[in-house]
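Geometric and topological summary
Here is how the chains run, residue by residue.
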Amino acid sequence: MRDIELKYKSKLSEYLHASSDDVFLYWKGRVALYAILRAMGVGEGDEVIVPAFTCVVVPNAIKYLKAKPVYVDIDPKTYNVAVSQIESKISDKTKVLICQNTFGLSSNIEQLLEIAQRHHLYTIEDCTHGFGGTYHGKPNGSYCDAAFYSTQWNKPFSTGLGGFALVANRDLHKKIEQVNVSLEKTTLKDSISLSLLYFVREKILTDRRYWRMVKMYRWLSKYKFVQGSSSGVEIESTEMPSHYFKALSQTQMKKGLSNVEKIDTLLDLRKRNARIYNEYLESKGKTIVSPELFADHSFLKYPLLVRNREDVLRMAEENCVPLGEWFCSPIHPVMEHWDLWDFNGEDYPQAVKYAALLVNLPTDVAQTDSVLRFLDKILDWVE
Ligand SMILES: *Cc1c(COP(=O)(O)O)cnc(C)c1O
């Protein structure tokens, strides 16, 4: 193994209070999930329980293995699964329970683990929003059999695109190593487009240019000039895209090594800003994140509920506020043909309701003044 790979794995495992042999690196977070599912032996006819508030690449990884995603509605207090509804979804085909730390909030993990144990299910934590955060003092991702993380550019820390798995259940190590034998290597073209992505992200992307850049990035990735985070086929079908099962490149490892150092400062900043938003919204009688959740919430994004979302987004653009749109759909960002992913909106009323109302305030800004001024302007639309 190369020096840089060893260093990166050891750095990540330090944060996760794990051993560096438990860490496996991939081109994206979704690829890490796919590898974990394969290592768990998930295949045709198996069922995997997932929150009805996720990114479409999660059910995709399940569908690529001819297994079936079975969704559980969310508890709007935490945007994570409603624990009381899990057991009614378990059948004799269920093999895995996936939980998530939505927006950085981990919740109810002990209860989830207890249910999984009782039904002999594997557990996977989707920590794509939660790296660096903790649940009851233990790092996110260290409770379950395995966890996967994303280092895509707007996740907790960035390698442009990227991801990794933490496999705490050592019985799975041999299997995941066998699965990883078929990983494709990254190409020169991948490295060039990653470097372009870093350049744009670090040198050109400011709050002022945010919306223009988002539009340009979407356009460029649509026409394949840059590496988009999801290719068209991933949001239009359940076919596995070509060159999906790919390794992490050394360019990404280097980037990761330097960026992961900043995570503690970032976590403090995100929490500080979230408290400012909470105070402001509470003073206006609007919905806030329950203060008792703060200890286990790392606030990758701050959830804001609004009516007239399109108007709010337009106003954000006019006011140069980098507002996010996670999760604008229960299987983000897919807005139609949910049946392709075995999702029937009527069965998940909370997820559908909140997906229609959510936008996210940025938590990594140095100053919140301009965000608060923006909130003043849209206050009538805030729930
Ligand atoms: C971003 C995200 C993923 C996938 O991560 P990638 O690195 O982009 O593959 C999975 N689940 C959720 C909830 C996400 O937000």
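Scroll up to find the structure.
Okay, so let's go over this structure.

Below, the discussion takes up the site of the ligand. Every one of the 14 residues lining the ligand counts as a neighbour, but Gly-29, Arg-30, His-129, Ser-150 and Lys-155 are closest to it. Between the ligand and Asp-126 there is a distance of 2.9 Å, counted from a nitrogen atom to a side-chain nitrogen or oxygen. In this structure, a nitrogen atom belonging to the ligand sits 3.3 Å away from a side-chain N or O atom of Thr-128. Starting from 380 Å² of accessible surface for the ligand in isolation, the protein chains cover 96%.

The next point concerns the pairing of strand β1 (residues 23–26). Burial of the side chains of β1 extends over both faces: Val-23 and Leu-25 are buried on one face and Phe-24 and Tyr-26 on the other. Summarising the sheet, β1 and strand β12 (residues 163–167) pair through four bridges and their orientation is antiparallel. Of the residues in β12, the one forming a bridge with Val-23 is Leu-166.

Here we take up the sheet that holds strand β7 (residues 94–100). In space, the seven strands of this open sheet follow the order β1-β12-β11-β8-β7-β2-β4, with mixed pairing throughout. The open sheet has two free edges, formed respectively by β1 and β4 (68–72), since each of these has just one partner strand. Averaged over all neighbouring strand pairs, the angle between strand axes comes to 25°, with direction disregarded.

Another aspect to go through is the environment of Cys-99. Of note, Cys-99 is situated in strand β7. In this structure, the C-alpha to C-alpha distance between Cys-99 and Lys-11, residues 88 residues apart in sequence, is 25 Å. If we ignore the near neighbours within four places in the chain, the residues touching Cys-99 are Leu-112, Ile-124, Glu-125, Asp-126 and Cys-144.

The next subject is unusual backbone geometry. With an omega dihedral of -25°, the bond running from Trp-326 to Phe-327 counts as a cis peptide bond. By the secondary structure assignment, Phe-327 is in the loop between α11 (309–318) and β14 (331–332). Residue Pro-333 is reached from His-332 by a cis peptide bond, and omega for that bond is -5°. Residue placement: Pro-333 occurs in the loop between β14 and α12 (349–357). Despite not being glycine, Tyr-79 has its phi angle at roughly 60°, a positive value. Position of Tyr-79 among the secondary structure elements: in the loop between β5 (74–75) and β6 (80–81). Overall, the relative accessible area of 9% leaves Tyr-79 in the buried class. Located in the positive-phi region is Phe-299, a residue other than glycine, with phi close to 50°. By the secondary structure assignment, Phe-299 is in the loop between α10 (263–283) and β13 (301–305).

Per the counting criterion, the structure on display carries 23 aromatic pairs. Between the aromatic rings of Phe-131 and Tyr-149, the centroid separation amounts to 5.8 Å while the plane-to-plane angle is 80°, which identifies the pairing as edge-to-face. Linking Phe-131 in the loop between β8 (122–126) and β9 (134–135) with Tyr-149 in strand β11 (residues 146–150), this pair joins segments that are 18 residues apart in sequence. Residue classification places Tyr-149 among the buried positions, given a relative accessible area of 1%. With 5.6 Å between their ring centres and 70° between their planes, Tyr-277 and Tyr-302 make a pair best called edge-to-face. Residue Tyr-277 is located in helix α10, and its partner Tyr-302 is located in strand β13; the two are separated by 25 residues in the primary sequence. Residue Tyr-302 is classed as buried on the basis of its relative accessible area of 0%. Members of the aromatic cluster, connected to one another through ring pairs, are Tyr-15, Phe-131, Tyr-149, Phe-157 and Phe-164. The ring centre of Tyr-198 lies 4.7 Å from the NZ or CZ of Lys-255, which sits over that ring.

Conventions and cut-offs
- Residues numbered from 1 in each chain as written.
- Predicted model: local features only at pLDDT ≥ 70, side-chain atom pairs only at ≥ 80, totals over all residues.
- Heavy atoms only, no water.
- Near = heavy atom within 4 Å.
- Polar contact = N/O pair within 3.5 Å; in protein donor to acceptor, adjacent residues only side chain to side chain.
- Areas by Shrake-Rupley, 256 points an atom, 1.4 Å probe, with all protein chains shown as cover.
- Buried < 20%, exposed > 50% of the residue type's maximum accessible area, 1.4 Å probe, protein only.
- Helix = DSSP H or I, 4+ residues; strand = E, 2+ residues; numbered from the N terminus.
- Pairing = 2+ DSSP bridges.
- Axes fitted to C-alpha atoms, helices over the stretch in contact; angles between N-to-C directions.
- Contact = heavy atoms within 4.5 Å.
- Phe/Tyr/Trp six-rings, centres within 6.5 Å; stacked < 30°, edge-to-face > 60°.
- Lys NZ or Arg CZ within 6 Å of the ring centre and 35° of its normal.

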